[in-house]
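# Chains, contacts and geometry: an overview
Here are the chains, one letter per residue:
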Amino acid sequence: MLHLEHIHHIAIICSDYTRSRHFYTEILGLKVIQEVHRADRDSYKLDLALNGQYVIELFSFPDPPKRPGNPEATGLRHLAFAVKDIQASVQQLVLQGINCEPIRTDPYTQKQFTFFQDPDQLPIELYEI
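Presented here is a report on the structure given in the accompanying data block. Since the model is a prediction, treat every value here as computed from it, not as a measurement. (Residues numbered from 1 in each chain as written. Predicted model: local features only at pLDDT ≥ 70, side-chain atom pairs only at ≥ 80, totals over all residues. Heavy atoms only, no water.)

Tallying secondary structure elements over the chain gives two helices and eight strands in all. If you list the helices and strands of the chain from N to C, you get β-α-β-β-β-β-α-β-β-β. Across its three principal axes, the chain shows a C-alpha extent of roughly 50 × 45 × 30 Å. Out of the 129 residues belonging to the chain, those deemed buried represent 36%. (Helix = DSSP H or I, 4+ residues; strand = E, 2+ residues; numbered from the N terminus. Buried < 20%, exposed > 50% of the residue type's maximum accessible area, 1.4 Å probe, protein only.)

Across all of its chains, the model carries five salt bridges by this definition. Measuring nitrogen to oxygen at the nearest pair gives 3.6 Å for the salt bridge that ties D120 to R19. Of this pair, D120 sits in the loop between β7 (112-117) and β8 (123-128) while R19 sits in helix α1 (residues 17-27); the two residues are 101 residues apart in sequence, bridging distant segments of the chain. A salt bridge links K45 to E57, with the nearest nitrogen and oxygen atoms 3.5 Å apart. With K45 in strand β3 (residues 43-50) and E57 in strand β4 (residues 53-60), the pair connects residues that are 12 residues apart, well separated along the chain. (Salt bridge = Lys/Arg side-chain N within 4 Å of Asp/Glu carboxyl O.)

Taken together, the four strands give an open sheet; going across it, the order is β1-β4-β3-β2, and neighbouring strands pair in mixed fashion. Edge positions in the sheet fall to β1 (10-14) and β2 (31-38), since each of these pairs with one other strand and no more. With direction set aside, neighbouring strand axes in the sheet form an average angle of 20 degrees. Bridge count between β1 and β4: five bridges; the pairing is parallel. Looking across to β4, one finds that I12 is bridged to L58. (Pairing = 2+ DSSP bridges. Axes fitted to C-alpha atoms, helices over the stretch in contact; angles between N-to-C directions.)

What follows concerns the sheet that holds strand β5 (residues 79-83). Taken together, four strands build an open sheet; the order of strands is β5-β8-β7-β6 and the sheet is mixed. Edge positions in the sheet fall to β5 and β6 (104-105), since each of these pairs with one other strand and no more. As defined by bridge partners, β7 adjoins β8 across five bridges and the pair is classed as antiparallel. The residue bridging F115 from the neighbouring strand is E125, located in β8. Along the sheet, helix α2 (residues 86-95) makes contact with β5, β7 and β8, crossing β7 at roughly 15 degrees. (Contact = heavy atoms within 4.5 Å.)

With that settled, consider the environment of Q112. Relative to the elements of secondary structure, Q112 occurs in strand β7. Q112 sits in the partly exposed class, given a relative accessible area of 25%. C-alpha of Q112 to C-alpha of D85: the two residues are 27 residues apart in sequence and 9.4 Å apart in space. With near-sequence residues (within four places) excluded, Q112 lies in contact with I86, Q87, I103, R104, T105, L126, Y127 and E128.

Geometric descriptors of this kind do not, in isolation, establish any biological role.
Below, the structure is given as structure tokens:
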């Protein structure tokens, strides 16, 4: 049996690199580990960390296809971040002009959560721990 240790990273392709770079670094607060421009592919690759842990590769490519649908499309459903205070986190997002769904309670864990979207409408969840 395969023995997996942990998730190494999540790769995201964006349609507007500058806008998405701003969103993930300035609004969500992820830290840049490395940024590479691959001229032969007309592509950027941005490695991002959360609390010192490598978590996201943000890619840009010329004219990537759009996401086929909202969260119920086949494939990655959403990206979730744990937060200690969901109310304060939502308030910070709203101050940055980010619309959040109403906060709900998970019926199985009784924890609160909400969703919002990145610049390409990738669903992102905040889940209170």
